Amino acid sequence: MEFEALRDAIRNLSLADRARLMSEVGPELCSSIMRDPNLMKQMMPRCEEMMKDPQMQQVMRSMMQRMMAWMMSGGKPDQ
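Scoring rules and cut-offs
- Residues numbered from 1 in each chain as written.
- Predicted model: local features only at pLDDT ≥ 70, side-chain atom pairs only at ≥ 80, totals over all residues.
- Heavy atoms only, no water.
- Helix = DSSP H or I, 4+ residues; strand = E, 2+ residues; numbered from the N terminus.
- Rg over C-alpha atoms; globule rule 2.2 N^0.38 Å.
- Buried < 20%, exposed > 50% of the residue type's maximum accessible area, 1.4 Å probe, protein only.
- Areas by Shrake-Rupley, 256 points an atom, 1.4 Å probe, with all protein chains shown as cover.
- Expected span 1.5 Å × (residues − 1).
- Bend = angle between axes of the 7 residues up to and from the residue.
- Polar contact = N/O pair within 3.5 Å; in protein donor to acceptor, adjacent residues only side chain to side chain.
- Disulfide = S-S within 2.5 Å.
- 1 Å grid on protein atoms, 1.4 Å probe; cavity = no way out; pocket = protein on both sides within 12 Å on 5 of 7 lines; lining within 4 Å.
- Points joined across faces, edges and corners; volume = space filled by probe spheres on them.
- Nonpolar A, V, L, I, M, F, W, Y, C, P; charged D, E, K, R; others polar.
- Patch = residues over 30% accessible without salt bridge, like charges linked within 9 Å, V, L, I, M, F, W, Y side chains within 5 Å.
- Salt bridge = Lys/Arg side-chain N within 4 Å of Asp/Glu carboxyl O.

Some points on the overall build of the protein chain
A tally of regular secondary structure across the protein chain gives four helices and zero strands. Helices and strands in the protein chain line up, N terminus first, as α-α-α-α. Taking 2.2 N^0.38 as the reference for a compact globule, 79 residues should give roughly 12 Å; the C-alpha atoms of the protein chain span a radius of gyration of 15 Å, well beyond that estimate. Seen through its principal axes, the protein chain has C-alpha atoms that stretch 45 × 30 × 30 Å. Across the 79 residues in the protein chain, those meeting the buried criterion constitute 1%. Here the protein chain displays about 7500 Å² of accessible surface, and carbon together with sulfur accounts for 61% of that area.

Shown next, in the form of structure tokens:
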């Protein structure tokens, strides 16, 4: 499948299907990008632009707090 067709198919998914896709494929995509300095360099301007949105800032702040708590607990599930 060509990139444009795949992108359009993803954009046409329901919110529930987007969440499922993100949970099943998102970590793999993110991990592969984070391991490649050139890809990270490409992504940073897009991420920085997205983070200008106050709602996104709040979501990310909450997510980062949860991630830090998880890492500080040794990766144990919340009790």
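Some remarks on helix α3 (residues 37-50)
Relative to the 20 Å expected for 14 residues at 1.5 Å per residue, α3 spans 20 Å between its end C-alpha atoms, a close match to the ideal helical length. Of all the bends in α3, the greatest reaches close to 35° and is centred on M43; the proline P45 follows between one and four positions later. Sitting at the head of α3, D36 places a side-chain oxygen 2.8 Å from the backbone nitrogen of N38.

A closer look at the state of the cysteines
Applying the stated criterion across every chain, the model contains zero disulfides. With no disulfide of its own, C30 lies closest to C47 among cysteine sulfurs, the gap being 8.4 Å. The class for C47 is partly exposed, based on a relative accessible area of 29%.

Let's talk about the layout of surface pockets
One way to see where empty space is left: roll a probe the size of a water molecule over the atoms. Within this model, the largest pocket holds a volume of roughly 1800 Å³. Lining the largest pocket are 30 residues, and of these M22, G26, L29, I33 and M43 sit closest to its centre. Listing elements by their share of the lining of the largest pocket, those giving two or more residues are α1 (3-11), α2 (15-34), α3 and α4 (54-72). If one sorts the elements of the lining of the largest pocket by residue count, α2 sits on top with 13 residues. Here the lining of the largest pocket is composed, by residue class, of 24 nonpolar, two polar and four charged.

Details of a nonpolar patch on the surface
Residues M1, L6, I10, L13, L21, V25 and L29 make up a contiguous nonpolar surface patch of roughly 600 Å² in combined accessible area. Elements represented by at least two residues in the nonpolar patch include exactly α1 and α2. Residue contributions to the nonpolar patch peak at three residues, all from α2. Structurally, L6 is set in helix α1.

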